[in-house]
Amino acid sequence: MQSQAPVLKKKTAEDFFCKFLNRDVKVTECIDDYVNANSLNIRHSPCFKCSHGLKVRLEYAST
């Protein structure tokens, strides 16, 4: 039986500077705003179809 080495997961930052909102945003807030804007089709939101929001969401999901 072969033992497997533990997989180290990259820790995401707690918050980051959002250039679209022009302020520091928590990762969880970014994900919430991104998901809400896209699922509710809120086109006037800066989070709607945000490429960085998508990246944050995918990175968070992989941890």
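Look above for the structure.
Residues numbered from 1 in each chain as written. Predicted model: local features only at pLDDT ≥ 70, side-chain atom pairs only at ≥ 80, totals over all residues. Heavy atoms only, no water.

S.K.: Explain the overall build of the chain to me, please; I cannot follow it from the model alone.
M.R.: Summing up its helical and strand segments, the chain has two helices and two strands in all. Here the chain, with 63 residues, has 24% of them falling under the buried criterion. In the chain, once contacts between residues fewer than 6 apart in sequence are set aside, the share between residues at least 24 apart is 34%. Of the roughly 5,300 Å² that the chain leaves accessible, carbon and sulfur atoms contribute 54%. (Helix = DSSP H or I, 4+ residues; strand = E, 2+ residues; numbered from the N terminus. Buried < 20%, exposed > 50% of the residue type's maximum accessible area, 1.4 Å probe, protein only. Contact = heavy atoms within 4.5 Å. Areas by Shrake-Rupley, 256 points an atom, 1.4 Å probe, with all protein chains shown as cover.)

S.K.: Hey, could you run me through helix H1 (residues 27–39) in this one?
M.R.: Taking 1.5 Å of rise per residue, 13 residues should cover 18 Å, and H1 covers 18 Å from first to last C-alpha, within 8% of that figure. For H1, the elements touching its buried residues are strand E1 (15–18), strand E2 (23–26) and helix H2 (51–61). Phi turns positive, to about 55°, at Asn-41, one or two residues after H1. (Expected span 1.5 Å × (residues − 1).)

S.K.: Before we go on, may I ask you to explain the nonpolar core in this structure?
M.R.: Proteins that are soluble and globular tend to have nonpolar side chains buried together. Phe-16, Cys-18, Val-25, Val-27, Cys-30, Ile-31 and Val-56 form the largest nonpolar core, which has seven residues in total. Ranked by residue count, the leading element in this core is H1, at three residues. Sequence-distant contacts of Phe-16, defined by excluding residues within four places in its chain, comprise Arg-23, Asp-24, Val-25, Val-27, Cys-30, His-52 and Val-56. (Core = buried A, V, L, I, M, F, W, Y, C linked by side-chain atoms within 4.5 Å.)

S.K.: Hey, could you run me through the pattern of salt bridges in this one?
M.R.: Oppositely charged side chains can form a pair if their charged atoms are brought close together. The final tally for this structure, using the stated rule, is one salt bridge. For Glu-29, the salt bridge identified is with Arg-23, shortest N-O distance 2.9 Å. Owing to a relative accessible area of 35%, Arg-23 belongs among the partly exposed residues under this scheme. (Salt bridge = Lys/Arg side-chain N within 4 Å of Asp/Glu carboxyl O.)

S.K.: Honestly, the pairing of E2 in this entry has me stumped. Any pointers?
M.R.: In the case of a regular strand, side chains alternate between the two sheet surfaces. The sheet contact formed by E1 and E2 spans four bridges and is antiparallel. Directly across from Phe-16, in E2, lies its bridge partner Val-25. (Pairing = 2+ DSSP bridges.)

S.K.: Please clarify how unusual backbone geometry should be interpreted in this entry.
M.R.: Both trends apply: most residues other than glycine have a negative phi, and most peptide bonds are in trans. Notably, Asn-22 is not glycine yet its phi reads approximately 60°, a positive angle. Here Asn-22 is to be found in the loop between E1 and E2. For Lys-49, which is not a glycine, the phi torsion comes out positive at approximately 60°. Looking at where Lys-49 falls in the secondary structure, it is placed in the loop between H1 and H2.

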